[in-house]
Amino acid sequence: MNTAHTGSDRGVSAAAKQVITYWAGRPGRAVIFDFNGTLSDDEPLLLRLYTEMFRERLGWALTPQYYYDHLAGLSDREIIGAVVAEVGGDRDLTEQLLAERGTRYRQMAGRDSPIRDSTVEAVTSLAAAGLPMGIVTGAQRLDVELVLSNSPLAGLFQVIVTEEDVANGKPDPAGFRLAAELMDRRPDAILVFEDSLPGLRAARAAGMACIGVEGTHSAEELMAETDATVGSIGPELFADLDAIEAGTT
């Protein structure tokens, strides 16, 4: 497991360029980003939040290894539900901790934007080119809206699918399928950026091209579920394309 981004200075791999070039040639193309750990560089924040909350409220010790191996990429509800079940709690406790988790996250993430400047630059360039963009995440809607409102990316996403919108989180593809439907785009014309193994499995099951973003998992771990990885999201991913214009259906 690798919990640190390798960064954009290492360039874009040939495999990532191939995926992006193939996607750029599709009519009606669009982009979907996962949120935690992908669009928002906040997996370390989430690990600290869950570690503190589970210790204080449940007397349960969460290790980084357990979090990244078993919980990262699941929805907030699924993460909390799994740990509550481990300690013998019930559904009411899950709901209480889910609400508390949202409050804690908004307090922590509200201090400084966890979205990298390079990510902002990449997303704003795609928006300027007229590409539809969406977010599919297991996070709570209030969390996503707060982080976006404190960044230059507010208002740039046509669709935001959160844990409240689907019955089952990733690796179930329902969230990605819903986003494609709401964006009126074919799944095979959508490029997904994801940092987690469940997220990559969900995107592939939905029939979408996907690129793994290193950090939550190493490149080697991600390559088990995708054809290409990048160290982080930045404008260099699209530097070889003369122009990225919105495709037609």
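Above this text sits the structure in question.
Here the structure is a predicted model, which means the values were calculated and not measured.

In this section: the pairing of strand β1 (residues 30-33). Along β1, one buried face is formed by A30 and I32 and the opposite face, lined by V31 and F33, is buried too. Relative to strand β4 (residues 190-194), β1 runs parallel, the two being bridged by four bridges. Paired with F33 across the strands is F193, a residue of β4. Here three bridges tie β1 to strand β2 (residues 133-136), and the two strands are oriented parallel to one another. Looking across to β2, one finds that F33 is bridged to I135.

The geometry of a pair of packed helices is captured by two quantities: the angle between their axes and the separation between those axes. It is at 9 Å that the axes of helix α4 (residues 76-87) and helix α5 (residues 91-109) come closest, and there the two elements cross at 130 degrees. Looking at the two axes, α4 sits oblique to α5. Classified by chirality, the crossing of α5 by α4 is right-handed. For the pair formed by α4 and α5, the contact residues are D76, R77, I80, G81 and V84 on the first element and L93, T94, E95, L97, L98 and R101 on the second. By residue class, the composition of the contact of α4 with α5 is five nonpolar, two polar and four charged.

Looking at the secondary structure, you find E163 in the loop between β3 (159-161) and α8 (174-183). Residue classification places E163 among the buried positions, given a relative accessible area of 9%. A polar contact of 3.5 Å, which involves the side chain of E163, links it to the side chain of R77. Beyond its immediate stretch of four places on either side in the chain, E163 contacts S75, R77, L98, T137, G138, A139 and Q140.

The full count for this structure, using the stated rule, is three cavities of 30 Å³ or more. Put simply, the largest cavity is a space of about 130 Å³. Along its surface, the largest cavity is lined by 19 residues, and N36, E43, G73, L74 and G138 are the ones closest to its centre. Of all the elements in the fold, those that place two or more residues in the lining of the largest cavity are α2 (43-58) and α4.

The rules behind each value
Residues numbered from 1 in each chain as written. Predicted model: local features only at pLDDT ≥ 70, side-chain atom pairs only at ≥ 80, totals over all residues. Heavy atoms only, no water. Buried < 20%, exposed > 50% of the residue type's maximum accessible area, 1.4 Å probe, protein only. Helix = DSSP H or I, 4+ residues; strand = E, 2+ residues; numbered from the N terminus. Pairing = 2+ DSSP bridges. Axes fitted to C-alpha atoms, helices over the stretch in contact; angles between N-to-C directions. Parallel < 35°, antiparallel > 145°, perpendicular 65-115°, else oblique. Left-handed = near helix turned anticlockwise from the far one by under 90°. Contact = heavy atoms within 4.5 Å. Nonpolar A, V, L, I, M, F, W, Y, C, P; charged D, E, K, R; others polar. Polar contact = N/O pair within 3.5 Å; in protein donor to acceptor, adjacent residues only side chain to side chain. 1 Å grid on protein atoms, 1.4 Å probe; cavity = no way out; pocket = protein on both sides within 12 Å on 5 of 7 lines; lining within 4 Å. Points joined across faces, edges and corners; volume = space filled by probe spheres on them.

Spatial relationships are all this shows, so hold off on functional conclusions.
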